Amino acid sequence: MKNTRYAIVGAGMMGQEHIRNIAMLDNTSISVIVEPDAGMLGSATTLARSLGSDKITTSTSIADVDWHTAADAIVIVSPNHTHCEVLCELMPLNIPILVEKPLCTTTGDLQRIESLMAERSAPVWVAMEYRYMPPTAKFIADIAAGRIGQLQMLSIREHRYPFLEKVGDWNRFSEKTGGTMVEKCCHYFDLMCLITQSEPVRIFCSGAADVNHQSERYNGRTPDIIDNAYTIVDFSNGMRCALDLCMFAEGSEPQETITAIGDAGKLEARIPGPDRFWPDAPPRHAEVAFMPRAPQPPIIEPVVVDEALLAAGDHHGATYYQHQKFLDTIRHASPVEVTIQDGVRAVAIGIAAEESIRTGQAVSLS
Ligand SMILES: NC(=O)c1ccc[n+]([C@@H]2O[C@H](COP(=O)([O-])OP(=O)(O)OC[C@H]3O[C@@H](n4cnc5c(N)ncnc54)[C@H](O)[C@@H]3O)[C@@H](O)[C@H]2O)c1
């Protein structure tokens, strides 16, 4: 089988997770790494070589790469506020692209990217890894198969550790992340749209930056990123969803709880955080619990993930499973599962949630 060569644009924490996961796929290699930070460029190149990629073009700039011969696919893993400019440079090449979430950070960016998409035929896949975490994937499949009857309510709770430190501290200000509701909550808004199979119509969010990063200063400025919020999203088919986010709850177990209630029962996915943050804890597994509308104990099914996949990243193997499907799209033109439209929708809900926090009003989406 022909080797598929990947370019990594942005090779920090998540870029290196992509490198580790691509290395586990058959007949693949890293052929290009674009990374402006010398330290990250060095460590990512060493990592890719150690995993078997021997012909790697390295560069600090997209403009210096001969893209017509360099790669069969591009993975964009630069900071959120750079996604739109990077896409504007790379989308006209018509090479398959996997772009990290959030697709972009502003409404103007959304329009630019949608118009570029109209001029290309090669696929663009938005990296919404949470769809591919094994417990979430089982949860989604069980609901789609009718296990809880007709879905009525969906709630997601994430209680976790604060934002990590990033190269150049880009994640400390909303102008670069899009705001917390865009930056990390786009994953959850994407899950809501996928599970309800419906369009979001109204968003109300109450949140603030109350605890984390308040003593940090960057060029004299205090970070403005929200660390706790409640969001309600109404959908056009009448379903309602809620998100409960707290980022000063490191000791929470599980880290994420996703609950769906239908007219025939309730389903809950319980997902622990990354083991590397709990080094002394005994092995923890995700589980999916089914609770029928009857006075009987829940049926709890553990979801065990392969150790090698767990070790390749922080996302319960999701990055690997997503790459398997993206590779199928590159090689066999199988359909893109997370489209530009999905990426746009998730960012639009996040932008509306940030606006709702600022104004104190519910925001309607057309
Ligand atoms: N899907 C997920 O679950 C998930 C998890 C973590 C991060 N992410 C996303 O991945 C992206 C990167 O996050 P990270 O945690 O790796 O941050 P990071 O700071 O560790 O890495 C970003 C890297 O991009 C480089 N960079 C900056 N500008 C660039 C440009 N114009 N072109 C190429 N490289 C550039 C930086 O030097 C840095 O090394 C973000 O969009 C983030 O939201 C997604």
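Quantities reported herein were computed from a predicted structural model and do not represent experimental measurements.

Caption draft 1: A look at the nonpolar core. Judged by nonpolar contacts, the single largest core of 106 residues is most densely connected at W67 and L103. In terms of residue count, helix α12 (residues 340-359) provides more of this core than any other element does, 9 residues in total. In terms of domain composition, this core takes at least three residues from each of domain 1 (4-129) and domain 2 (133-314 + 337-364). Excluding residues within four positions of it along the chain, W67 makes contact with A7, V9, V32, V34, I62, I74, L90, L93 and I95.

Caption draft 2: Region of the structure containing the site of the ligand. Residues in contact with the ligand amount to 26 residues; listed here are only the nearest, M14, E35, N80, E129 and K166. A distance of 2.6 Å separates an oxygen atom of the ligand from a polar atom in the side chain of K166. Residue H187 places a side-chain N or O atom 3.2 Å away from an oxygen atom belonging to the ligand. For the ligand, the accessible surface in isolation is 840 Å², of which the surrounding protein chains cover 89%.

Caption draft 3: Focus on the domain arrangement of the chain. Taken domain by domain, the chain consists of domain 1 (4-129) and domain 2 (133-314 + 337-364). Just the C-alpha atoms count here: the centres of domain 1 and domain 2 sit 25 Å apart. Contacts between the two partners involve 27 residues from domain 1 and, on the opposite side, 32 residues from domain 2. Taken together, both faces of the contact between domain 1 and domain 2 bury some 2400 Å²; the carbon and sulfur share is 69%. The interface formed by domain 1 and domain 2 contains 1 salt bridge. The partner of E183 in a salt bridge is K101, and the shortest N-O contact between them spans 3.4 Å. Here domain 1 is connected to domain 2 by 9 residue pairs in polar contact (both at pLDDT 80 or more). Per element, the largest residue contribution to the side of domain 1 that touches domain 2 is 5 residues, and it comes from helix α5 (residues 107-117). Class assignment of the residues belonging to the side of domain 1 that touches domain 2 gives a composition of 15 nonpolar, 6 polar and 6 charged.

Caption draft 4: Region of interest: the sheet that holds strand β2 (residues 28-34). The strand order β3-β2-β1-β4-β5-β6 describes an open sheet built from 6 strands, whose pairing is parallel. In the strand order of this sheet, the two ends are held by β3 (57-59) and β6 (124-127), each with one partner. Neighbour to neighbour, the strand axes of the sheet diverge by 20 degrees on average, direction disregarded. One ladder, built from 3 bridges, connects strand β4 (residues 73-76) with strand β5 (residues 97-100); its direction is parallel. Directly across from I76, in β5, lies its bridge partner V99. Lying over the sheet, helix α1 (residues 13-22) contacts β1 (4-9), β2, β4 and β5, oriented at roughly 170 degrees with respect to β1. Lying on the sheet, helix α2 (residues 38-50) is in contact with β2 and β3; it crosses β2 at an angle near 170 degrees.

About the thresholds
- Residues numbered from 1 in each chain as written.
- Predicted model: local features only at pLDDT ≥ 70, side-chain atom pairs only at ≥ 80, totals over all residues.
- Heavy atoms only, no water.
- Core = buried A, V, L, I, M, F, W, Y, C linked by side-chain atoms within 4.5 Å.
- Buried < 20%, exposed > 50% of the residue type's maximum accessible area, 1.4 Å probe, protein only.
- Helix = DSSP H or I, 4+ residues; strand = E, 2+ residues; numbered from the N terminus.
- Domains from an automatic or database assignment.
- Contact = heavy atoms within 4.5 Å.
- Near = heavy atom within 4 Å.
- Polar contact = N/O pair within 3.5 Å; in protein donor to acceptor, adjacent residues only side chain to side chain.
- Areas by Shrake-Rupley, 256 points an atom, 1.4 Å probe, with all protein chains shown as cover.
- Buried area = accessible area lost by both parts, 1.4 Å probe.
- Salt bridge = Lys/Arg side-chain N within 4 Å of Asp/Glu carboxyl O.
- Nonpolar A, V, L, I, M, F, W, Y, C, P; charged D, E, K, R; others polar.
- Pairing = 2+ DSSP bridges.
- Axes fitted to C-alpha atoms, helices over the stretch in contact; angles between N-to-C directions.

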